[in-house]
Amino acid sequence: MLYYEKIPNPNSSEWVLFIHGLGGSMKTWKYQTEKFSRDYNIIMVDLDGHGKSSNKKLRSRYKPTSTVRAIRKILMHEKIEKVHIVSLSLGTLIAMEFARLYPDMVESLVLGGGILNLTISRQFILKIAEFATKHFPTGLSYKSFAHIIMPGKHHEKSREIFIREAEKLNGNMFNKWVSSIGLANKRLRASIKSIKKKRIPILMISGKEDYMFLNGIKEIGRKVKNFNVTLLRNCGHVVSIEKADLFNNLTLRFLKQNRKYIPLPPVSRTDIHNSFDDTDHIPVKAE
């Protein structure tokens, strides 16, 4: 079983499942847990080869489908019937696959720094990263990969966290997860179909400077009505760290729209950008 931790809230019946990205761990969510646990029960997992799951003998073999089944096993063990899923980077693929296989267990989806709908050129870059970790020192490969997906000066904090955590992985684990990205993207259409059929509310939050993955997210936002897209100004790939407060407020607003009226936290418009029509705000609204 994957390693996981809970933060119970005796005053809430709702659960939020956090799924981190490549090279991360549940520690990735340290900027979210305190605020979210005020209103929700929290459950977090370490993916295969990451965090405290790296010491476990697991059968999921770094594949999204088997990882999703391992997460479902945890939820069933804890008698958790439905969850809001908040995910980051690689975790967005796991979240989408979970919604495809077990849509009745998903209240809503939040995809931070999504890596969905990759173009051929982006898939080629990932292949280069996979090749580099096989033939060059892993530390150098991780640093190069971090600078490719987080090149900006104000992405430095996210880069440092990624490199520090990624260096805890061995190259073989890294490569297996990179390979899984292409596999999961092939199932994207089926995931979208399942989400639309069940009318699962979905919010995608990406940085306007997420140069590696932004085009794919924008294309989905244009084509799929119930995929609400919010782009953050002066922000790169790791939105939950680079713009933690804004990410938290937007996500909590979105989650609470499924409840009875609750006063929502204010959100500054100056950091939100709609690159579709170049106005200042994309409404956070579930279809």
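Parameters and conventions
Residues numbered from 1 in each chain as written. Predicted model: local features only at pLDDT ≥ 70, side-chain atom pairs only at ≥ 80, totals over all residues. Heavy atoms only, no water. Helix = DSSP H or I, 4+ residues; strand = E, 2+ residues; numbered from the N terminus. Buried < 20%, exposed > 50% of the residue type's maximum accessible area, 1.4 Å probe, protein only. Contact = heavy atoms within 4.5 Å. Areas by Shrake-Rupley, 256 points an atom, 1.4 Å probe, with all protein chains shown as cover. Pairing = 2+ DSSP bridges. Core = buried A, V, L, I, M, F, W, Y, C linked by side-chain atoms within 4.5 Å. Salt bridge = Lys/Arg side-chain N within 4 Å of Asp/Glu carboxyl O. Phe/Tyr/Trp six-rings, centres within 6.5 Å; stacked < 30°, edge-to-face > 60°. Axes fitted to C-alpha atoms, helices over the stretch in contact; angles between N-to-C directions. Parallel < 35°, antiparallel > 145°, perpendicular 65-115°, else oblique. Nonpolar A, V, L, I, M, F, W, Y, C, P; charged D, E, K, R; others polar. pLDDT = per-residue confidence, 0-100.

Participant: Looking at this structure, I do not really get the overall build of the chain. What am I missing?
Facilitator: Scanning the chain from N- to C-terminus turns up 11 helices and 8 strands. The buried share among the 287 residues of the chain stands at 57%. Partitioning the intrachain contacts of the chain with sequence separation of at least 6 by distance along the chain shows that 76% fall at a separation of at least 24. Just so you have it, the chain exposes about 13500 Å², and 50% of that area is on carbon and sulfur atoms.

Participant: Whenever I open this one, the pairing of strand β2 (residues 15-19) confuses me. Can you help?
Facilitator: Two faces, one strand: in a regular strand the side chains alternate between the faces of the sheet. Of all 5 residues in β2, 5 are buried; the element is thus mostly enclosed. Here β2 shows no split at all, with Trp15, Leu17 and Ile19 on one side and Val16 and Phe18 on the other all buried. Relative to strand β3 (residues 41-45), β2 is paired through 5 bridges, and the arrangement is parallel. Within β3, the residue paired with leucine 17 across the bridge is isoleucine 43. Across 4 bridges, β2 lies against strand β4 (residues 83-88) in parallel orientation. Bridged to isoleucine 19 within β4 is serine 87.

Participant: Can you help me understand the nonpolar core in this one?
Facilitator: Soluble globular proteins tend to bury their nonpolar side chains together. Ile71, Ile85, Met96, Phe98, Leu109, Leu116 and Phe227 are the most contacted members of the largest nonpolar core, which has 47 residues in total. Per-element accounting of this core gives the leading share, 7 residues, to helix α3 (residues 90-101). With residues up to four places along the chain from it excluded, the contact list for leucine 109 reads Ile85, Ala95, Met96, Ala99, Ile195, Ile200, Pro201, Ile202, Leu203 and Phe254. If you look at the next biggest cluster of nonpolar residues, it comprises 24 residues, including Leu203, Ile205, Leu232 and Leu250.

Participant: What's the story with unusual backbone geometry in this structure? I'm lost.
Facilitator: Keep in mind that most residues, glycine aside, have a negative phi and that most peptide bonds are trans. Despite not being glycine, serine 89 has its phi angle at roughly 55°, a positive value. Among the structural elements, serine 89 can be located in the loop between β4 and α3. Under the relative-accessibility criterion, serine 89 is labelled buried at 12%.

Participant: How should I be thinking about the pattern of salt bridges in this particular structure?
Facilitator: Pairs can form between side chains of opposite charge once their charged atoms are near each other. By the definition in use, this model includes 4 salt bridges. Among the ionic pairs, arginine 100 bridges to glutamate 97, the shortest N-O distance being 2.8 Å. Here arginine 100 and its partner glutamate 97 are both found in helix α3, 3 residues apart, which amounts to about one turn of the helix.

Participant: Can you help me understand the packing of aromatic side chains in this one?
Facilitator: Remark: the centre distance and the inter-plane angle together describe each pair of aromatic rings, the angle taken between the planes. Scanning all chains against the criterion turns up 3 aromatic pairs. Taken together, a centroid distance of 5.4 Å and an interplanar angle of 80° make the contact between phenylalanine 18 and phenylalanine 36 edge-to-face. A residue pair is termed long-range when its members are at least 10 positions apart, and phenylalanine 18 in strand β2 and phenylalanine 36 in helix α1 (residues 33-36) qualify at 18 residues. Just as phenylalanine 18 is buried, phenylalanine 36 falls in that class too. Grouped by ring-pair contacts, the aromatic residues Phe18, Trp29 and Phe36 constitute a single cluster.

Participant: What should I look at first to understand helix α9 (residues 214-223) in this one?
Facilitator: Think of an α-helix as 3.6 residues a turn; residues three or four steps apart then line up on the same face. Turning to α9, its buried residues are Leu214, Gly216, Ile217, Lys218 and Ile220. Where α9 is buried, its residues meet α8 (188-198), β6 (202-207) and β7 (227-232).

Participant: Explain the packing of helix α2 (residues 64-77) against α3 to me, please; I cannot follow it from the model alone.
Facilitator: Here α2 crosses α3 at 70°, and the two axes come no closer than 9 Å. In terms of axis orientation, α2 runs roughly perpendicular to α3. Between α2, through Pro64, Thr65, Thr67, Val68, Ile71, Arg72 and Leu75, and α3, the contact on the second element is made entirely by Ile94, Glu97, Phe98, Arg100 and Leu101. Here the residues of the contact of α2 with α3 sort into 7 nonpolar, 2 polar and 3 charged.

Participant: Sorry if this is basic, but what is going on with the confidence of the model for the chain here?
Facilitator: Note that predicted coordinates carrying low pLDDT should not be read in detail. On average, residues of the chain carry a pLDDT of 77, and 62% of them reach 70 or more. Note on residues 260-265: pLDDT under 50 across the span, and 5 contacts to partners over four residues away in sequence or across chains. In this model residues 274-287 is a low-confidence stretch, pLDDT under 50, and it forms 38 contacts with partners more than four residues away in sequence or in other chains.

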